[in-house]
Amino acid sequence: MTVLVVGGGPTGLATALFLARAGVAVRLLERRAATSPLPRATHVTRRTMELLREAGLEPAVAAVGFEVVPGDDPRARTEPDRVLPRTVIGIPSLARLDDAEVLETGEEELAVPGPCPPFWCGQDRMEPLLREGAVRAGADVRFGHELVGLDVGEDGVLARVRRPDGGLERLSARYLVAADGAHGWIPEHVGVVRTGLGTVARRTSILFRADLAGLIGHRRFFMSMIDNPGFSGALMQLNDAHGWAAAVEATALGPGPGTPNLPDAPQAAPAPAPERCLELLRAAIGVPGIRIDLAATFHWQARHRMADRYRQGPVLLVGDAAHLHPPAGGYGSNMGIQDAHNLAWKLAAVLRGWAGPALLDSYDAERRPVGIATARQTLLLDGVPSDRLGGTLPADPRTIIMGYRYRSAAVPDGLSDPADLAGLADLPDLPDLPDPAGPPARPADRDRPADPAADAFPAAFALTGAPGTRLPHVPVRLRRGDRTVTASTLDLCAPTTRTGPVLTLLTADERWRTTAAEVARDLGVPLRAHVLPAGESLPPALSFTRSCGTGRGGAVLVRPDGFVAWRSATHTAPSAEQRRRRLTAAVRALLALPADRAETHRPRLRSGR
């Protein structure tokens, strides 16, 4: 096969899914016999849902999870089996919900324009969806197969695998994606160093079932932070009517005889005594007489460990193998799935022959700074002092979720004509928002960062079409057969079944469509153009030119992951020669194509299988 993925958690399964959908021959190995029975990693952010929507999984997630809605959404009362309010509360116990203090509402996050909402969907439900989607797309997914040896060369890897019957087999692959998690050995085996603060907390989770509907009524919540003499910790609902989870400091539950930990538990240790678990849960609920059925308990550690690089030759790290941090904020598996998507389109582009091998270097340049910055935010949320994190201050959650900015060779933002860049501030139809990240970094700046994560989080959250940021969502009308449907600008960047991932040029000027076709033909790359109504008389959120900062005659070049690579901002479209020259330079830089790739060189797109 072309790519071997090791690890079948959410990140590994997502990697196999995205690669298979991109036309890449991929095999996944997972030592476990089945997907996880634990409902960890429950929060699926809006950005992650956008990627799952692209992969066709949004309806499946909606069928098994809760849509996350504002606390005042009437559906929180009328559709309790479908939605969950994004409200975090502080209370003495569930019996005293009337005394709840609202700690978080998530209103700003939920107000960010996007094609789909976030969801609350436990890992026990998400992993089967990802596995089924990957297999349906053509991935070879093998559970019960364990990697026991690995040889790495310049041109690929040779893996030794133990099958479920105990037999051994050898597999070769051009690339290996290490999604083997916190306890995997691949990073160190290939020379990657992982360092960090280590263990910052030890906690215990208790999974249980109880009918609390009568007690809670319509006062539902995303999470409750409960503090009383008998219980101090968090309580949250799982994805069924009577399923709940509590998390407490490990010191609240001494190890002792009891229900054994689940086989997939993060930390193997004797389970706490059931009597002590029930005592804690009764204190959290605060009402006697409610039946509580314990499902499982497990100990776990909040740990911090970061890889010093995400790529070592043909081996690339994703998810917890690359960045391990506390679960505070719910960013962990979301980060991993976003790693997977960033990497998958780049592997597909290289393997299908329309990008240079150096494009893969941008994976580390883009995702590692975001991983470092996000990990620091989770540590702050978990109580680690700012001075231990180099003075890190809290970031806007919207920035952490989808407002981060990439700076790499795959964001050739410095290639805009000086006249384009100078005109940005003068265009009256553009959003009245500054570029929060400041001027574009030049390659020399990227080569010597004092802090690799310094530029990952802009000072202010704003999605305005700036290169290196996620394309703004603008509603668009599309023809689907004999119907007209409302979609998103992000939907216009989705892959095709013929070419897999594609580059997309969005513009309000028809002349750019001709330019895109010429550049696609000349360079032999999958580049398509969509001409959208300028919408200059509409509010910024509904206007393409005002949301994306192009002006009537400009355009944005969007990567397959929905991030803006390059922007031309002008009221009047440049000449045909200028358009072709600028777009050609941008595409070549983005895809790491050699400068001597003549315009007459037109390689045929090939399959990555």
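Let me sum up the structure you'll find in this document. (Residues numbered from 1 in each chain as written. Predicted model: local features only at pLDDT ≥ 70, side-chain atom pairs only at ≥ 80, totals over all residues. Heavy atoms only, no water.)

1. Quick notes on the overall build of the protein
Convention followed: A run of H or I in DSSP counts as a helix once it spans at least four residues, and a run of E counts as a strand once it spans at least two, with each numbered from the N terminus. Three exposure classes are used, based on accessible area relative to the maximum for each residue type with a 1.4 Å probe and protein chains only: buried under 20%, partly exposed in between, and exposed over 50%. In this description, contact between two residues means that some pair of their heavy atoms is separated by no more than 4.5 Å.
Along the protein, the regular secondary structure elements total 17 helices and 27 strands. Here the protein, with 609 residues, has 57% of them falling under the buried criterion. The long-range share in the protein, meaning contacts at least 24 apart out of those at least 6 apart in sequence, stands at 70%.

2. Things to note about the pairing of strand β14 (residues 194-209)
Test applied: For two strands to be treated as a pair, DSSP must find no fewer than two bridges joining them.
As paired elements, β14 and strand β18 (residues 293-307) share 13 bridges and run antiparallel to each other. For F208, the partnering residue across the bridge sits in β18 and is L294. The sheet contact formed by β14 and strand β17 (residues 243-249) spans seven bridges and is antiparallel. Note on β17: the bridge partner recorded for S205 is A247.

3. A closer look at the pairing of strand β15 (residues 223-228)
Only one face of β15 is buried: it carries S224, I226 and N228, and the other face, with M223, M225 and D227, is open. Sheet topology places strand β6 (residues 88-91) next to β15; four bridges connect them, and they run parallel. Note that in β15 the partner of V88 across the bridge is M223. As paired elements, β15 and strand β16 (residues 231-237) share five bridges and run antiparallel to each other.

4. Structural notes on the sheet that holds strand β21 (residues 323-324)
To keep things clear, this is the line we draw: A fitted line through C-alpha atoms represents every axis, and for helices the fit uses only the stretch in contact; the resulting angles, taken between N-to-C directions, go from 0 to 180 degrees.
If you trace the eight strands from one edge of the open sheet to the other, you get β7-β6-β15-β16-β17-β14-β18-β21, paired in mixed fashion. Because the sheet does not close on itself, it has two edges, and the strands there are β7 (101-104) and β21. Along the sheet, helix α9 (residues 274-285) makes contact with β14, β15, β16, β17 and β18, crossing β18 at roughly 85°. Sheet strands touched by helix α11 (residues 361-381): β14 and β18. Its angle to β18, the strand with the most contacts, is close to 125°.

5. Remarks on the packing of aromatic side chains
Definition in use: Working definition: a ring pair exists when centres of Phe, Tyr or Trp rings (six-membered ring for Trp) sit within 6.5 Å. Plane angles under 30 degrees give stacked, over 60 give edge-to-face, the rest tilted.
For the coordinates displayed, the defined rule picks out seven aromatic pairs. On the basis of an interplanar angle of 20° and a centroid distance of 5.7 Å, the ring pair of Y404 and F563 is categorised as stacked. Here Y404 is found in the loop between α12 (397-403) and α13 (418-423), whereas its partner F563 is found in the loop between β26 (555-558) and β27 (564-568), with 159 residues between them in sequence. Judged on exposure class, the residue Y404 and its partner F563 are both buried. Where Y406 meets F563, the ring centres are 4.5 Å apart and the plane angle is 25°; that geometry is what we call stacked. Placement of the pair is Y406 in the loop between α12 and α13 and F563 in the loop between β26 and β27, with a sequence separation of 157 residues. Accessibility classification places Y406 together with F563 in one group, the buried group.

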